[in-house]
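Fold and geometry: a report
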Amino acid sequence: MGQIRAVLCGYYGKGNGGDEALLASLLQMLPKNVLPLVLSGNPRETKQRYQVESYDRMSAWQVFKAIRSAQVFIWGGGSLMQDVTSFASPIYYAGLMGLAKQFGLKTIAWAQGIGPLERPIIREIAKQVFAKCELVSVRDRASANLLLNWQIPCCLAPDPVWALEDLPVKRLWDLPAPRVAVTLRQHPQLTPEKIANLTQALIDFQKATQTCILLVPFQKAKDLAIAKSIQPQLPGASKILTLEDPRELKGLFRGVEMAIGMRYHSLIMAAAQECRCFALSYDPKVSQLMQELSIPGWKLTEIPDEPKLITQTWLDCYANGDSLSSAQIQSLVDRALIHRELLNQALAVD
C-alpha cells in the first residue's frame with residue numbers, strides 16, 4: 001500500500017510530559033505506511049526527539065501547508081476538548097478539524113478525554129466536531145457516555161500510555177534505594193498552606209522510611225517551582241528529575257517503590273510499572289482513574305490540614321498498599337492497543 005501523509009494534532013511540543021507521552025504512543029502505534037506530520041509548539045525539538053516532520057502549530061501558513069499535503073488528520077489524544085483551562089483551546093482544535101474537512105481529509109479523533117465542557121456553546125461545538133469524524137476512540141467511560149448521549153459511535157479503551165514503550169533513565173540506579181516519586185503541579189486549590197502541609201508530611205515520611213525522594217516535574221512551567229521549593233527542606237536523599245523524553249519518564253517508575261501524584265499520566269506510568277500509587281486529584285479525569293484502579297488518595301479540597309495525618313496515610317500506603325498485578329497491567333496494555341487497531345482499521349491496513 002502507498003504512503004499516507006497524516007497530520008497529528010494535539011498539545012504537542014509544549015513541554016507537558018503527559019501530552020508528549022500521548023504523541024510518543026501515537027507514533028509507536030501508527031502503521032508503517034503512514035508518514036506523520038506533527039503540529040508542534042516546538043517543531044525543532046519535536047523533529048529532533050522523534051525523527052518526524054514537524055510544523056509550527058501557531059503558524060497559519062505552516063498548518064495550512066501540512067493539512068494541504070495530507071490525506072488524514074489525527075486529532076489526539078487527551079483532554080483537548082475542554083473549556084476549564086482555556087476557552088481558546090477547543091476553538092483552536094475545532095477550527096483545525098474544520099480546515100481538515102474542507103480539504104477532504106479523513107478525520108480521526110484518537111484517545112480523547114472529553115471535558116469538562118462548562119459553556120453550552122463549547123459543548124455544541126464539541127458535539128459537531130466529533131459527529132464529523134470518521135472514527136472516534138476515547139480513553140474513559142465518562143467521555144464514552146457523553147458521546148453515547150450525542151448518538152456518536154466511539155470505541156472505548158484505556159489510555160494509550162499504558163502501552164507506551166519505556167526507556168531506561170541514566171544513573172537512576174546510582175541514586176539511593178528505596179525511591180519514592182512525587183509529581184505536583186500548580187493549581188488554584190493547591191494553596192501555599194496545602195503545599196506547606198504536604199512538604200512537612202514528606203519530611204516526616206522521609207525520616208520514617210529513609211527513602212530517596214524524586215521530585216518529577218511533568219511540565220516545567222507548572223511543576224518545577226513547587227519541586228524547587230520542596231527539595232531544600234527534605235532531610236534525606238532527594239533529586240529533581242526533569243526528563244524531556246516521555247519514554248524515559250515512564251522508565252523512571254521502574255526504579256520507584258511508590259508514587260505520590262497529581263499528574264494523570266504520572267499515575268498511569270507508575271501503575272504500569274507496578275508502583276504503589278497515591279493520588280492527589282485536581283481534575284475529574286484523575287478522580288475517575290482513582291476509581292477505576294482503586295488508587296487511594298484525596299481531592300485537593302480533601303487534603304487534611306494536619307501534616308501528621310497525611311504522613312500516616314502515606315506510610316500506610318507505602319507499607320501495606322497494593323500495586324496492580326502483572327495480569328491487571330497486561331490486560332490494560334492489551335486493551336490500550338485497541339487504539340492501535342482503530343488506526344489500522346481507519347488507514348486500511350491488513
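Computed from a prediction, not measured in an experiment: that's the story for all the values here. (Residues numbered from 1 in each chain as written. Predicted model: local features only at pLDDT ≥ 70, side-chain atom pairs only at ≥ 80, totals over all residues. Heavy atoms only, no water.)

**Side note on the overall build of the chain**
When helices and strands are tallied, the chain shows 14 helices and 13 strands. Taken over C-alpha atoms, the radius of gyration comes to 20 Å for the chain, in line with the 20 Å a tight globule of 350 residues would show. For the chain, the C-alpha atoms occupy an extent of roughly 60 × 45 × 40 Å along the three principal directions. The 350 residues of the chain split such that 57% are buried. A separation of at least 24 residues holds for 71% of the contacts in the chain among residues at least 6 apart in sequence. For the chain, the computed accessible surface area is about 15,200 Å², with 50% contributed by carbon and sulfur atoms. In the chain, 37 positive and 32 negative side-chain charges are present, and the distance between their average locations comes to 6 Å. (Helix = DSSP H or I, 4+ residues; strand = E, 2+ residues; numbered from the N terminus. Rg over C-alpha atoms; globule rule 2.2 N^0.38 Å. Buried < 20%, exposed > 50% of the residue type's maximum accessible area, 1.4 Å probe, protein only. Contact = heavy atoms within 4.5 Å. Areas by Shrake-Rupley, 256 points an atom, 1.4 Å probe, with all protein chains shown as cover. Lys, Arg positive; Asp, Glu negative; His and termini not counted. Charge placed at Lys NZ, Arg CZ, Asp CG, Glu CD.)

**Quick look at the sheet that holds strand 13 (residues 297-299)**
Read from one edge of the open sheet, six strands run 10-9-8-11-12-13, paired in parallel fashion. Two strands close off the open sheet at either side, each with one partner strand: strand 10 (238-240) and strand 13. Direction aside, neighbouring strands of the sheet carry axes that sit 15° apart on average. Inspection of the sheet shows strand 11 (residues 258-261) paired to strand 12 (residues 276-281) by four bridges, in the parallel sense. By the bridge assignment, Ile260 is partnered in strand 12 with Phe278. With respect to the sheet, helix 7 (residues 192-209) is in contact with strand 8 (179-183), strand 9 (212-215), strand 11 and strand 12, its orientation differing from that of strand 9 by roughly 150°. Together, strand 8, strand 11, strand 12 and strand 13 form the strand contacts of helix 12 (residues 307-320), whose direction differs from that of strand 12 by roughly 145°. (Pairing = 2+ DSSP bridges. Axes fitted to C-alpha atoms, helices over the stretch in contact; angles between N-to-C directions.)

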